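Here is what each chain is made of, one letter per residue.
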Amino acid sequence: MLALNIIAILLLILSYIASWIPADSIWQFAFFGLAYPIFFILNIFFILFWVISNKKKYFFLSLFVILLGWKHIRAFIQFHTFRHIAPSEQQIKIMSYNVRLFDLYNWTNNKNITTRNKIFELIRKEAPDIICLQEFYSDDSRKFDVLDTLIKLQKAKYYHVDYFKNRGRVQHWGVATMSSYPIINKKRVQFVNSENNYLIYTDVLIKKDTIRIFNIHYESIRFGKEDLLFVSDIANNRTENIDLTNKTKKIYWKLKSAFIKRDEQVRVAMNVINKSPYPVIICGDFNDTPSSFVYNKMTSSLFDAFVESGNGMGKTYVGNIPSFRIDYIMHDNNFEAYNFKTIKEDLSDHYPIDCSLILQKKSTKK
């Protein structure tokens, strides 16, 4: 058991190291980062085992290594209560939501119009000042109207929409940022290693202050239906009549490709973010966990609103593969975050997240 405990400790240490090693350098480390929750729980088991057994002196081994990764723990789970504040004009309520094309292809096995309308109602009810939407879709023929409806039903009337795909000048796929504050500047930054993934930034005027809002969608793993079914079969121990070798290799290479692309993309994004002349707010679907190189790179100069004011596990992905926190709201040192929450509504394969930010006008970033 001591030998197994040491192996578990080494695996946990490797998951810590993974957040510092870019995948385009040694991509294998990214898998250890992805498995951090498993290694964490394994070490918790050994702590309990040694406490219950007659060899209590060994329990500190895993405990010490777990505490070394305190930053990782805080990024995965928060134990404090919400930071509550009274409503004030200083609050900026932010929402980030991967809406999965508003269920255009009826993934929910519900009428897609019903799902779309429920998303509309959720946004109207939450009433954010700024909304960042990923996997946005709109149809100018009004067969599946989105943009015009969103403008009418909630207070964020100003919009910055940028599409990566258009069909017949009618159907559009992309990302969207909507604001209740006037927009004075817009720009798109394309990631050269992907046609579908990019960031947009939107400068909004709040009284006399200009704030730059980043809406980012990093590379996804691009699992197909067969991949998801395979993962589900493995999780439920249904492995008969499955070509394990080939299917495992396929998933393995998809993960590798996504790890490498995201690490390239985050360097581009942080270069643009760090050059901002204005206070910045970052929202997006990063498609990566808090133990990743992407997260470590982002939080090197930014603050995670969940860590500041969230509660619980904070998971945001609700698909058929293991659930992780992959959606984020971040900000620089000019803001303080309050009331972060994950809205548990199964209308997409992501949960929406929101929080309130207060501009402090500090002079330096993190």
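Our subject is the structure listed above.
Residues numbered from 1 in each chain as written. Predicted model: local features only at pLDDT ≥ 70, side-chain atom pairs only at ≥ 80, totals over all residues. Heavy atoms only, no water.

(A) The arrangement of helix α3 (residues 36-52) in detail. Given a rise of 1.5 Å per residue, 17 residues ought to cover 24 Å, and the 25 Å separating the end C-alpha atoms of α3 matches this to within 8%. Three or more residues of α3 are buried, namely Tyr36, Phe39, Asn43, Phe46, Ile47 and Trp50. For α3, the buried positions fall inside an angular range of 105° around the axis, keeping them on one side. Summarising the geometry of α3, the exposed residues directed more than 90 degrees from the buried face are Ile38, Ile41 and Ile52. (Helix = DSSP H or I, 4+ residues; strand = E, 2+ residues; numbered from the N terminus. Expected span 1.5 Å × (residues − 1). Buried < 20%, exposed > 50% of the residue type's maximum accessible area, 1.4 Å probe, protein only. Arc of directions from axis to C-beta.)

(B) Quick peek at unusual backbone geometry. One non-glycine residue, Ala127, lies in positive phi territory at about 50°. The residue Ala127 is located in the loop between α6 (112-126) and β2 (130-139) in this model. Since its relative accessible area comes to 29%, Ala127 is described here as partly exposed.

(C) Up close: the sheet that holds strand β3 (residues 158-167). With mixed pairing, six strands are arranged side by side in an open sheet as β3-β4-β2-β1-β12-β11. Because the sheet does not close on itself, it has two edges, and the strands there are β3 and β11 (335-342). On average, adjacent strands in this sheet sit at an angle of 25° to one another, irrespective of strand direction. Pairing between β2 and strand β4 (residues 171-179): eight bridges, direction antiparallel. Paired with Ile130 across the strands is Ser179, a residue of β4. (Pairing = 2+ DSSP bridges. Axes fitted to C-alpha atoms, helices over the stretch in contact; angles between N-to-C directions.)

(D) Geometry of the sheet that holds strand β6 (residues 198-206). Pairing in this open sheet of six strands is mixed, and the strands run β5-β6-β7-β8-β10-β9 from one edge to the other. Two strands bound the open sheet, and with one partner strand each, they are β5 (183-190) and β9 (303-304). As paired strands, strand β7 (residues 209-217) and strand β8 (residues 280-285) are joined by six bridges and run parallel to one another. For Ile216, the partnering residue across the bridge sits in β8 and is Gly284.

(E) Structural view of the packing of α3 against helix α4 (residues 59-68). Contact pair α3 / α4: the axes reach a minimum separation of 8 Å and the direction vectors enclose 150°. With respect to α4, the element α3 is oriented roughly antiparallel. Of the two elements, α3 crosses α4, and the hand of that crossing is left-handed. Only Phe59, Ser62, Leu63 and Ile66 of α4 make contact with α3, whose side of the interface consists of Phe40, Asn43, Ile44, Phe46, Ile47, Trp50 and Val51. By residue class, the composition of the contact of α3 with α4 is nine nonpolar, two polar and no charged. (Parallel < 35°, antiparallel > 145°, perpendicular 65-115°, else oblique. Left-handed = near helix turned anticlockwise from the far one by under 90°. Contact = heavy atoms within 4.5 Å. Nonpolar A, V, L, I, M, F, W, Y, C, P; charged D, E, K, R; others polar.)

(F) Focus on the pairing of β3. Direction of pairing for β3 relative to β4: antiparallel, over a ladder of nine bridges. Looking at β4, one finds that His160 is bridged to Thr177. Count of turn residues in the β3/β4 antiparallel hairpin: three residues, of which Gly168 carries a positive phi of about 60°.

(G) Summary view of the pairing of strand β1 (residues 91-98). When you tally the buried positions in β1, you get eight out of eight residues, the bulk of the element. Burial along β1 is two-sided: Gln91, Lys93, Met95 and Tyr97 facing one way and Ile92, Ile94, Ser96 and Asn98 facing the other are all buried. Here β1 pairs with strand β12 (residues 353-359) via six bridges, running antiparallel. In the strand pairing of β12, Gln91 is matched with Ile358. Relative to β2, β1 runs parallel, the two sharing five bridges. Paired with Tyr97 across the two strands is Leu133, which belongs to β2.

(H) Just a nonpolar patch on the surface, in detail. Nonpolar side chains collect at one region of the surface, where Met1, Leu4, Ile7, Leu42 and Phe45 lie side by side and expose about 450 Å² of accessible area between them. Put simply, the parts of the chain that give the nonpolar patch at least two residues each are α1 (2-18) and α3. As for its position among the elements, Leu4 is in helix α1. In this structure Leu4 comes out as partly exposed when scored by relative accessible area, which is 47%. (Patch = residues over 30% accessible without salt bridge, like charges linked within 9 Å, V, L, I, M, F, W, Y side chains within 5 Å. Areas by Shrake-Rupley, 256 points an atom, 1.4 Å probe, with all protein chains shown as cover. Salt bridge = Lys/Arg side-chain N within 4 Å of Asp/Glu carboxyl O.)

(I) The arrangement of empty space enclosed by the protein in detail. Taken as a whole, this structure holds one cavity of 30 Å³ or more when the rule is applied. Looking at the largest cavity, its volume works out to about 90 Å³. Contributing to the lining of the largest cavity are 13 residues, with Ala30, Phe259, Asp288, Ser292 and Phe293 lying nearest its centre. Examining the composition of the lining of the largest cavity, we find that three residues originate from one element, helix α2 (residues 29-34), more than from any other. When the residues that make up the lining of the largest cavity are grouped by side-chain class, the tally is seven nonpolar, four polar and two charged. (1 Å grid on protein atoms, 1.4 Å probe; cavity = no way out; pocket = protein on both sides within 12 Å on 5 of 7 lines; lining within 4 Å. Points joined across faces, edges and corners; volume = space filled by probe spheres on them.)

(J) Up close: the packing of α1 against α4. Direction vectors running N to C along α1 and α4 enclose 5°, while the axes themselves pass 10 Å from each other. With respect to α4, the element α1 is oriented roughly parallel. Across from Leu2, Asn5, Ile9, Leu12, Ile13 and Tyr16 in α1, the residues of α4 making contact are Leu61, Ser62, Val65, Ile66 and Leu68. Split by residue class, the contact of α1 with α4 holds nine nonpolar, two polar and no charged.

(K) The arrangement of the pattern of salt bridges in detail. Tallying each qualifying case throughout the model produces 12 salt bridges. The closest approach of N and O atoms between Glu126 and Lys341, which form a salt bridge, is 3.1 Å. Residue Glu126 is found in helix α6, and its partner Lys341 is found in strand β11; the two are separated by 215 residues along the sequence. Ionic pairing is found between Asp288 and Arg262, a salt bridge with its closest N-O pair at 2.9 Å. Linking Asp288 in the loop between β8 and α10 (293-298) with Arg262 in helix α9 (residues 244-274), this pair joins segments that are 26 residues apart in sequence. In this pair, the class of Asp288 matches that of Arg262, namely buried. Bridged by salt links that share partners, the residues Lys93, Glu126, Lys341 and Asp354 form one connected network.

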